[in-house]
Amino acid sequence: MKIRVFLVDDQVLVRTGFTMVVDSQPDMEVVGQAGNGAEALERLSVVGADVVLMDVRMPRMDGVEATRRLRTRGEAAPRVIVLTTFDLDEYAFTALKAGAAGFLLKDAPPDDLLSAIRAVHSGDSVVAPSTTRRLLERFAPHLPDREERPDERVTGLTEREREVLLEVARGLSNAEIGARLHLAEATVKTHVGRILAKLGLRDRVQLVVFAYENGLVRAGR
């Protein structure tokens, strides 16, 4: 079955461009569009979608609030990739915290956009060092400093799990983490799954946010 993609952006030309890119692929199709978050929530109540490309800054209801409300729909909710014009956008960080599965610049190459859609649809998250990591490092100094008293869930992690968490937060893939820690990629995947379960988090994006909020990683490290 094709990946059903829903577009949310207040600019018609942007939606038209994304539609051309997505519909050119044999494994995906655009199933609907909306010009703001409120309209998107209404249409997504009746239109089935797997992945939503969500602009961050829109009138009436922005992408952050729309993403937050979508995620309250549970497992049936589509996964969201937030889009922004600016590389360092505080709205995008807030959207990631709200439950978005990834962050992408609007001027990203078409291949990057398509790869992100496929990755998110398969259950992964788009946490590329060139985008999300730079965004998080930009705002890490402004997050609460809880290095001395981190979330109590951190104490439940093994030393190896903490090492893996730190590498995830730095934007490394499972293969890269395996190479750095001398582990098989499958072993890293298992560790990531256990970390998610212990921390009660949903995906790698939330792991990155958690690590920065708890002072486990600092900007520039």
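Per an unreviewed UniProt entry, the protein is named DNA-binding NarL/FixJ family response regulator, and its organism is Actinopolymorpha rutila.

A.B. asks: What's the story with the sheet that holds strand E3 (residues 51-55) in this structure? I'm lost.
C.D. replies: Each strand in a sheet pairs with its neighbour through backbone hydrogen bonds, running either in the same direction (parallel) or in the opposite one (antiparallel). Taken in spatial order, the five strands line up as E2-E1-E3-E4-E5 in an open sheet, and their pairing is parallel. For this open sheet the edge positions go to strand E2 (28-34) and strand E5 (102-105), each flanked by a neighbour on one side alone. The sheet shows a mean angle of 25 degrees between the axes of neighbouring strands, direction not considered. Note: strand E4 (residues 79-84) against E5, four bridges, orientation parallel. Considered in E5, the bridge of Thr84 is made with Leu105. Seen against the sheet, helix H1 (residues 12-23) touches strand E1 (3-8), E2 and E4 and runs at an angle of roughly 160 degrees to E2. Packing of helix H5 (residues 110-121) onto the sheet brings it into contact with E1, E2, E3, E4 and E5, and relative to E3 it is tilted by some 130 degrees.

A.B. asks: So what exactly am I meant to see when it comes to unusual backbone geometry here?
C.D. replies: Across the chain, the bulk of peptide bonds are trans and the bulk of non-glycine residues have phi less than zero. Positive phi is not limited to glycine here, since Arg60 has a value of about 70 degrees. The residue Arg60 is located in the loop between E3 and helix H3 (63-71) in this model. We classify Arg60 as exposed; its relative accessible area is 66%.

A.B. asks: Quick question: what am I supposed to make of the nonpolar core here?
C.D. replies: Note that soluble globular proteins tend to have their nonpolar side chains buried in a common cluster. Membership of the largest hydrophobic core comes to 25 residues, with the highest contact counts inside it found for Phe6, Val8, Val52, Met54, Leu70, Val80 and Val82. Taken together, the elements giving at least two residues each to this core come down to E1, helix H2 (37-44), E3, H3, E4, helix H4 (90-98) and E5. Sort the elements by how many residues they give to this core and H2 lands first, with four residues. Once residues within four sequence positions are removed from consideration, Val82 is found in contact with Met54, Val56, Thr67, Ala95, Ala100, Gly102, Phe103 and Leu104.

A.B. asks: Is there a simple way to think about H2 in this case?
C.D. replies: Counting along an α-helix, one turn takes 3.6 residues, and residues three or four places apart therefore face a common direction. Burial analysis of H2 places six of its eight residues in the buried class, which makes it a mostly covered element. Taken together, the buried residues of H2 touch E1, E2, E3 and H3. Where H2 begins, the side chain of Asn36 points an oxygen toward the backbone nitrogen of Ala38, at a separation of 3.1 Å.

A.B. asks: What exactly am I supposed to notice about the packing of helix H7 (residues 159-169) against helix H9 (residues 185-199) here?
C.D. replies: Each pair of packed helices can be summarised by the angle the axes make with each other and by the distance between the axes. The N-to-C vectors of H7 and H9 enclose an angle of 95 degrees; their axes lie 10 Å apart at closest approach. Relative to H9, the element H7 is oriented roughly perpendicular. Contacts from Arg160, Glu161, Val164, Leu165 and Val168 in H7 reach Val188, His191, Val192, Arg194, Ile195, Lys198 and Leu199 in H9. Its residues placed into classes, the contact of H7 with H9 shows seven nonpolar, one polar and four charged.

A.B. asks: Sorry if this is basic, but what is going on with the packing of H7 against helix H10 (residues 204-213) here?
C.D. replies: Running from N to C, H7 and H10 cross one another at 100 degrees; their axes reach a closest spacing of 8 Å. Here H7 is positioned roughly perpendicular relative to H10, judged by the angle of their axes. Contacts between H7 and H10 involve Leu165, Val168 and Ala169 on the former and, on the latter, Arg204, Leu207, Val208, Phe210, Ala211 and Tyr212. Grouping the constituent residues of the contact of H7 with H10 by class yields eight nonpolar, no polar and one charged.

What counts as what
What you see as residue numbers is a count from 1 along each chain, following the sequence as written. Since the coordinates come from a predicted model, pLDDT governs what is reported: local features require at least 70, and pairs of side-chain atoms require 80 or more to be given and counted, while whole-chain, interface and lining totals use all residues. Values shown for side chains rest on all heavy atoms present in the structure; no hydrogens or waters enter the calculation. Strands were regarded as paired on the criterion that DSSP finds at least two bridges between them. The helix and strand labels rest on DSSP assignments: H or I over at least four residues marks a helix, E over at least two residues marks a strand, and numbering proceeds from the N terminus. Orientation is described by axes fitted as lines to C-alpha atoms, over the contacting stretch for helices, and by angles from 0 to 180 degrees between their N-to-C directions. Note on contacts: a residue pair qualifies if any of its non-hydrogen atoms lie within 4.5 Å across the two residues. Only protein chains enter the accessibility calculation, which uses a 1.4 Å probe; a residue is then buried when its area is under 20% of its type maximum, exposed when over 50%, and partly exposed in between. Throughout, nonpolar core names a set of buried Ala, Val, Leu, Ile, Met, Phe, Trp, Tyr and Cys residues whose side chains join them through atoms within 4.5 Å. Two N or O atoms form a polar contact when they lie within 3.5 Å of each other; inside protein one atom must be a possible hydrogen donor and the other a possible acceptor, and for residues adjacent in sequence the pair counts only when both atoms belong to side chains. What sets the label is the angle itself: under 35 degrees gives roughly parallel, over 145 gives roughly antiparallel, 65 to 115 gives roughly perpendicular, and the rest give oblique. Residues are grouped as follows: Ala, Val, Leu, Ile, Met, Phe, Trp, Tyr, Cys and Pro are nonpolar; Asp, Glu, Lys and Arg are charged; every other residue, Gly included, is polar.

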